[in-house]
Structures are given as C-alpha cells and as structure tokens.
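Residue-level structural notes
Read off the chains here:
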Protein chains: 4
Amino acid sequence: MARRTGSSGAETAEKLREVALELFARSGYAAVSMREIAARTGVQAGAIYNHFPTKQHLLQDLLVVHMETLLKAWAEADRPDLPAPAALENFVRFHIRYHLDRSREVFISYMELRSLEDENFSVIERLRRSYEKAPRAILDRGAADGSFDILDPQVTTMAIIAMLNGMTTWYRESGRLSLDEIEAVYIRLVKRLVGQKEED
Amino acid sequence: MARRTGSSGAETAEKLREVALELFARSGYAAVSMREIAARTGVQAGAIYNHFPTKQHLLQDLLVVHMETLLKAWAEADRPDLPAPAALENFVRFHIRYHLDRSREVFISYMELRSLEDENFSVIERLRRSYEKAPRAILDRGAADGSFDILDPQVTTMAIIAMLNGMTTWYRESGRLSLDEIEAVYIRLVKRLVGQKEED
Amino acid sequence: MARRTGSSGAETAEKLREVALELFARSGYAAVSMREIAARTGVQAGAIYNHFPTKQHLLQDLLVVHMETLLKAWAEADRPDLPAPAALENFVRFHIRYHLDRSREVFISYMELRSLEDENFSVIERLRRSYEKAPRAILDRGAADGSFDILDPQVTTMAIIAMLNGMTTWYRESGRLSLDEIEAVYIRLVKRLVGQKEED
Amino acid sequence: MARRTGSSGAETAEKLREVALELFARSGYAAVSMREIAARTGVQAGAIYNHFPTKQHLLQDLLVVHMETLLKAWAEADRPDLPAPAALENFVRFHIRYHLDRSREVFISYMELRSLEDENFSVIERLRRSYEKAPRAILDRGAADGSFDILDPQVTTMAIIAMLNGMTTWYRESGRLSLDEIEAVYIRLVKRLVGQKEED
DNA sequence: GATGAATGAGCCTTCATTCAT
DNA sequence: TATGAATGAAGGCTCATTCAT
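Computed from a predicted model, the values in this text were never measured in an experiment.

1. Side note on the domain arrangement of chain A
All names here are of chain A. With domains assigned, chain A is organised as domain 1 (1-52) and domain 2 (55-193). Computed over C-alpha atoms, the centres of domain 1 and domain 2 are 29 Å apart. Contacts between the two partners involve 10 residues from domain 1, matched on the other side by 12 residues from domain 2. In terms of residue count, helix α1 (residues 9-27) provides more of the side of domain 1 that touches domain 2 than any other element does, 6 residues in total.

So, in structure tokens, the structure goes:
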C-alpha cells in the first residue's frame, strides 16, 4: 500500500524519533529492534528507511539534535553579564530544568556513546565538551574575582556536572520534595562546592 | 574433542566471568554475544552452558558477586567507632579506591540494571540500596552530633555518590593529577557538601 | 514534484531501457534492483511503473526489441541472391558487426533466458531459433550445390554461432588485432568449418 | 535442536555444495536464496554458516574446486608425448566428456564470474587462463612441426573452446545424435579449424 | 567439560510494487 | 508523469540455546 491519506513524511520521521528516543532510553540501543520502533510508530519496518538510512543514523540523529539543542538553549540562557555567583546559580537552574525535561536524551547521550561508530562518537564527544566549558568558565571567573574558593577547577566542574546529572536517576515527580525544593538544595550544594559563602 | 589437559571447570568459569565483565562493560549486555564471550575465552559457545545456564544468569552472577563483594569489603573497612568526619573520610577513600579498581563492575551495575529480568533486578537494587545506607548513616551521625551541617540528608547522600561515581568516567591513570591528589580533592569537596569546616 | 521541463515520457522510457540493458548485462537481472535502474536514470523507482508494468516486462521488452531488431537487420542484410560462399561470408560479417555493436543485448539474450517467465521465454526462444535458420539455410544451399562439404548441418550451424558469439567475451577494441583483422580470421575459420576450399 | 543422529559435518557441507551447484546453475547466483539452498539440503538456513562463512564463499568454493579439479583431470589426461594431431584429438575428447559430465560447473564458471567479488574473480580467472593454455600449447606444437596450418593461434584457441562449450547449451541425451557421434563431428570440425588434413 | 553441528527465532536491510499527491 | 512514502515479503546473516558425541 502507498501513503495513507493524512500522513506526511515529516510527521512520520518525528514520530520515529520520539519512539526511538523512548525505546533507546528504556532498553538501550542494542536491545531495541527496528521492527519494535516501527510497530510503535504504526508503520512497517521498511518504512523507517525512507527517513533514516540506518539504525545508527537514527541514534546519531537523536544525539546530535539533542546536543545542538542543548547548546542553543544554553546560549540563550547564558548571562555572561551577571556576577559569577548569580551566573552559576543561573547555570544550575538551567541544567536541572533542561535535563529533567529531557531526561531520556540526557541518558542516552551518556549511555549510548559506546554504541556510536567512531566518527559519530567524536562529533558528539566534541559537542559535549563544548557544553562542559560553560560551568568551567563561570568557575574560572568566580575564582579570578575572589567570589569563589575553588579547590581544582577541572575536578570541581566534573563534580558539579556528575552531581547534577545524578538527579535524573532518582528524581520522581511524585517524590518527597518538589522540583523547586530540590533545585534549591542543589544550588546550595553547588555553592558549597565552589566555596562560596552562603548569603542567608 | 575433550577437555584439554590442564584446563579445569573452575578456571573456565572464572575466565568466562572476566571476559563477560570486560565485554559487557565495553559494549553493553545486549550488544555482546555468547559466541564473542566464548571466543575470547578460548572455548566454543556451547561450553559456556556448562557453567552458566543462560546469558542472563551470567550477568546476574557478575552483578550479585560484585555487590556482595562490595558490601563485604565495606563491612571490613567501616569504622563505626570513628567520629563522623573521620568516618566520612574513610568512606570516601574506600569508595574511590574500590570503584576505581572495579570500574567495569561499577559501570555495569548501574548500566545493566535495565537488562535484568524483574526478579534479578530487585535483588541487585536491594543490595545497592543497602550500600547507600553506609554514607547516609554517617551523614545522620554527623548531623546529630553537630559535626556536619547537612542541607537534606537524602539529596546530599545521592549527590555524594553521584559525584564520586562520576570520577570513573573521566579518570585516567596518566592524567594531570595522581590518584592521591584526586582523592584529596574529593575528600575536601565532600566535606564542603556536608558543611564540615575545613581543618587546615 | 511534477515532470521537469524538457523531459518527456518517451525519453524517460528510452533512458530506462538503456540503463536497464547496461545493468542487466553487467550484473544480471536478479542482481539489479528497480531502485538502481531508477537512480541511474535520474528518476525515482516509482516512475518506472509509468513506463513498464513490472521488472519482468522491462527485461522482456529489451529482449523482444533486440531479437526483432536483429531479425529486421538481417532481413535487410541478407542476400539470398548470392552464391552460398558469398552469402556465408555476408552472414559472418553481419553477425560479427551486429553482435559487437550490441554485445550487451546479445549477452542478456543468452544469459537471462532463465530469468524469463515461461511464456516470455517461449517468445524469445522462438525468435532466436528463427535467426539461427539464417546460417542453416545458407549451409544447406551450399551443401546442395556442392560449394560446401558439411559434416552435420545442425552441429555445424551451432558450432559457427557459438564460435562467433565467443568473440564477444574476449574482444577488446584496444587488443592486438583490429576488428577487420579478426573478422578476416573468423571468415576463414568459418569457411574451414563448412569445408569450403580457400580461394587464395 | 542439536545434531541429529547420523548426520555429520562433512556430509552436510557436501550436500550443500551439490544443492547450491544445482540451484546456481539453474537460476543464477543472485536469484537463489540461502533459505532455498538450506531447504533442499534439509537444514535451516543458519546451519549453512557452520560450513561456509558467506554466500559468496559458497560460490567461490564451487568455482575453485571445479577449476582445480578440471586442471588436475587434464594433467592426468594430457599426453604431451603424442604428436600434435593425436594430442589435439585427445584434448577435444577430454574437454567434451569432462564438460558434459560437469555441465553445471562449467556453466556457472562462465556465468557467475560477474557475481564474484574482485579478489575471488582474479583467482578463478587465473585458473581459467591456465586451462586455456592446454589447447594453445598443442596448436603451437602442431604449427611448429607443420602438422597444422593455423590462421591465428590465439583466435583459433578461443574459437575452439567457444565452439566446444557451445555444445553444453544444446546437447540433450535424448537428442538425434549420440554422444559418440557428436564427439566425432566435433573432432573433425576442430581438425578443420587447425588446418589439418583429414586422414580418411 | 568441551566440541561442533543444529535449531528457530530474530536481526537490519532491501526488494518490487502501489498510490495519494 | 513524477515524487515520496508506504507495504509486505524476502534477503543474508546472527543469535541464544540444545545436544550427540
């Protein structure tokens, strides 16, 4: 059969991306079959290949789009004009909100790096490094102007990111603490890590 | 052909465990085939089934052994007699050293939870929760006696663990800092997280 | 998108025939996909079906056109008025020239008979037999008037055709001998096969 | 299920070779599926891969074995001690008998060269050239000692081979002429091609 | 305990063909 | 007439697992 009335190429591609994202995040790239993705999208397996040339490209597409969207979103959220403490708080808020909204993307962008073929791996790795420069720059700025007391800027940067990302593994909307409360705790924890005096 | 002189069942099983660990950590459970494990062990695929009834059991075996060994090691390293600050430092040292030595086990014990069938999943999850009680208990003790100033004990516990585990993703023996130096930084970072005054 | 200005249906059909001929000759009917034919023609696969109802029809079309063109060309080249020796030489020249010009058609008309469905096979087979009657008739004429000394007319006919066709498998324009030279050799070889005394 | 009692690896491999030979000769390499070969062999498709690593290897195996067997058989049948006319007759007899017995191997060794990947192609092509040296050497010998009157030794060699091979396309056991009769005709035709005087 | 040959299901991908646009 | 998106079947090959030897 040919195209059914009402369906369009862009819609199918977007549906495929959404379904693949969900399944890759839940079961892992290797454990998900093209047939499974197709079935949940409501098409036959072969139809996927009208939109993505291989399974690998589908993963690559998800990761590139995620990283680029993240970088673009941060470019808009970044406030280099703010003093370092406020800039850091801004980063933490951004990172937590953005990553909770896209926990599946974040998860596979860490977990499925190993499923990427070499060249694709490098592309994503480079984008990731680029994002990690954001907190590092703020830390350096705060260290320079004396508002932070940093132990080791590189280790501290990685510690902050790991700590924030860890949240996605246990956060549940129905949990004990609201997102606002958790956010507040994390902001204070990060301030401690960078040796900033608490204002209160 | 029969068994080659000199090889024994226990040896093969151990070699299989070691190879499977390496491959699962590198490529993920779903992406590794029994044939691949067998080939690197130097046997045929069928021989694996003399030692492990299924691929799932092989993973389960690795994870259970890892978690039980970890808990046993901690039971030996734990010093409940120490004051909270020293106990926390002891935990951090233990965790870093142990996890760097077993980075593959740690990695798959986080990553491949989703590859476990339901019952196996619960077993491992329970063991993991059990380990996480260790830092939590120290935090609670320090909070009670006033040596720590904890923001939220549960969030802080998870933050500490996530921060420490993050290290395994970037640590390289040949890196800028020695293990001792990194350890020292992390200990100070953890002290900051729990609101302990730095002594020096 | 609609038809691009300048392209016409007949042009596309002819381009498809040419491309299919080339690909079938090079890789074989079964190994060539409709997408491949379409791509080299500069259209999408679906467009082929505006010109040929199935892949099988496309092959059939090529073979029927080839055989009919061959028969028509021979009808024009044939000189039944000539004495048998001159008529035979005329046939050999015609066959060599025609088959070298159409080596791809000749090749698939032998090779892809097996790819034809039954009815189509019979059509082509009949046309081929019809062409083979040409040399046979000349042989019979020469045998009757004593200008040839034929061993077995049927076997000799097939031998001549096989010998001549074999040339298409090794002939290269850049080879040691020119086409004229090769032709001269083949004419003399054929004369030997039919037991005709060499004039020179 | 595992191996059924009574079956053995070597037997299955041989059966697979025989079936593949038959099917490749009948339908062409590209048109035959591994499942089809497996089904006629009485195993599942996957089992083929215990004996041949790929479909291409299966074809390659058939062709290499055929060419090597042919060369070996000719090495035994060759009689370099005979005078050129008798040696040529010996070659024609050998070639006809051998090729009729192995018409499928001969057919695919010509037809499926194009299905071979580059390296495999070269191997077979080299073996084929090697066989073609046999008649060429006899022709040269007969030309040198004056027993033949050769027009062009290379063209004549190819003509002889093409003429003889052509027989496999039309020979039927139930045909008008017996194999002995056909053989006799072909021997006399070849003698004519090399310009040897007929004895009787 | 190990091999090697087998199964049956499933993998990613391509195929000829169809049809709304 | 052509596109591009779809189908359903089939392609070569790999998988976890079994079992006679």
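Anyway, onward from the coordinates.
2. Quick word on the UniProt feature "domain: HTH tetR-type" (unreviewed entry) in chain A
The UniProt record marks residues 10-70 of chain A with the feature "domain: HTH tetR-type" (unreviewed entry), using the residue numbering of this structure. Helix makes up 75% of residues 10-70 of chain A and strand makes up 0%, while its end C-alpha atoms are separated by 22 Å.

3. Here's the deal with the interface of chain D and chain C
Each side of the interface is counted separately: chain D has 24 residues, and chain C has 25 residues. The set of elements that each furnish at least two residues to the side of chain D that touches chain C consists of α8 (153-170) and α9 (179-193) of chain D. Element by element, the count of residues in the side of chain D that touches chain C is highest for α8 of chain D, at 9 residues. Of the residues that constitute the side of chain D that touches chain C, the class distribution is 14 nonpolar, 6 polar and 4 charged.

4. Concerning the packing of α1 of chain A against helix α2 (residues 34-41) of chain A
Residue and element names in this part refer to chain A. Contact geometry for α1 and α2: axes closest at 9 Å, N-to-C directions at 125°. The angle between the axes of α1 and α2 places the two elements in the oblique class. For the pair α1 and α2, the crossing hand works out as right-handed. Counting all contacts with α1, which are made through T12, K15, L16, V19, A20 and L23, the residues of α2 involved are E36, I37, R40 and T41. Across the contact of α1 with α2, the residue classes tally to 5 nonpolar, 2 polar and 3 charged.

5. Topic: helix α5 (residues 84-101) of chain B
Since there are 3.6 residues in each turn of an α-helix, residues three or four apart along the chain are aligned in direction. Look at α5 of chain B: 25 Å from first C-alpha to last across 18 residues, which is about the 26 Å you get at 1.5 Å a residue. Buried positions along α5 of chain B lie against α7 (118-144), α8 (153-170) and α9 (179-193) of chain B.

6. Here we look at the arrangement of the chains
Contact between chain B and chain C is absent, and the minimum C-alpha spacing across the pair is 32 Å. At the level of C-alpha atoms, the two units chain B and chain D stay apart, their nearest approach being 11 Å.

7. Some remarks on the confidence of the model for chain A
Mean pLDDT for chain A: 93, with 95% of residues reaching 70 or above. At the low end of the mean pLDDT range in chain A sits helix α6 (residues 103-111) of chain A, at 90; at the high end sits α2 of chain A, at 98.

8. A word on the relation of the copies chain D and chain C
You can overlay chain D on chain C at an RMSD of 0.1 Å; the transform is a turn of 180° with a shift of 0.0 Å along its axis. Considering both components of the superposition, the chain copies are consistent with a two-fold axis. The rotation axis passes nearest to the C-alpha of M163 of chain D in chain D, at a distance of 2.4 Å. A high fraction, 100%, of the interface residues of chain D reappear at the interface in chain C, so the copies pair face to face through one surface.

9. Section: the interface of chain B and chain A
The interface of chain B with chain A comprises 25 residues on the first partner and 24 residues on the second. Elements with a minimum of two residues in the side of chain B that touches chain A: α1 (9-27), α8 and α9 of chain B. Ranked by residue count, the leading element in the side of chain B that touches chain A is α8 of chain B, at 9 residues. Of the residues that constitute the side of chain B that touches chain A, the class distribution is 14 nonpolar, 6 polar and 5 charged.

10. Quick notes on the relation of the copies chain B and chain A
For the pair chain B and chain A, the superposition axis carries a translation of 0.0 Å, the fit reaches an RMSD of 0.1 Å, and the rotation angle comes to 180°. Both copies contact each other with a shared surface, as 96% of the interface residues of chain B are interface residues in chain A too.

11. Description of the UniProt feature "DNA-binding region" (unreviewed entry) in chain A
Taking the UniProt record as the reference, the feature "DNA-binding region" (unreviewed entry) is found at residues 33-52 of chain A. The annotated region residues 33-52 of chain A carries 60% helix and 0% strand content, and the separation between its end C-alpha atoms amounts to 14 Å.

12. Some words on the environment of G9 of chain A
Mapped onto the secondary structure, G9 of chain A falls in helix α1. Each C-alpha atom, one on G9 of chain A and one on H51 of chain A, is 7.8 Å from the other, the two residues being 42 residues apart in sequence.

13. Details of helix α1 (residues 9-27) of chain C
Residue and element names in this part refer to chain C. Between the first and last C-alpha of α1 there are 26 Å, a value that for 19 residues agrees with the 27 Å anticipated at 1.5 Å per step. Restricting attention to buried positions, one finds in α1 the residues L16, A20, L21, F24 and A25. Looking down the long axis of α1, one finds its buried residues gathered within 150° of arc, a one-sided arrangement. Those residues of α1 hidden inside the fold are in contact with α2 (34-41), α3 (45-48), α4 (55-77) and α6 (103-111). Two residues or fewer after α1 comes G28, characterised by a positive phi angle close to 95°.

Reading guide: rules and limits
Residues numbered from 1 in each chain as written. Chains lettered and ligands numbered in written order. Predicted model: local features only at pLDDT ≥ 70, side-chain atom pairs only at ≥ 80, totals over all residues. Domains from an automatic or database assignment. Contact = placed C-beta atoms within 7 Å. Helix = DSSP H or I, 4+ residues; strand = E, 2+ residues; numbered from the N terminus. UniProt positions renumbered as here; feature names shortened; annotations may be inferred. Nonpolar A, V, L, I, M, F, W, Y, C, P; charged D, E, K, R; others polar. Axes fitted to C-alpha atoms, helices over the stretch in contact; angles between N-to-C directions. Parallel < 35°, antiparallel > 145°, perpendicular 65-115°, else oblique. Left-handed = near helix turned anticlockwise from the far one by under 90°. Expected span 1.5 Å × (residues − 1). pLDDT = per-residue confidence, 0-100. Least-squares fit on C-alpha atoms with pLDDT ≥ 70 in both. Buried ≥ 20, exposed ≤ 12 C-beta atoms within 10 Å, placed from the backbone. Arc of directions from axis to C-beta.

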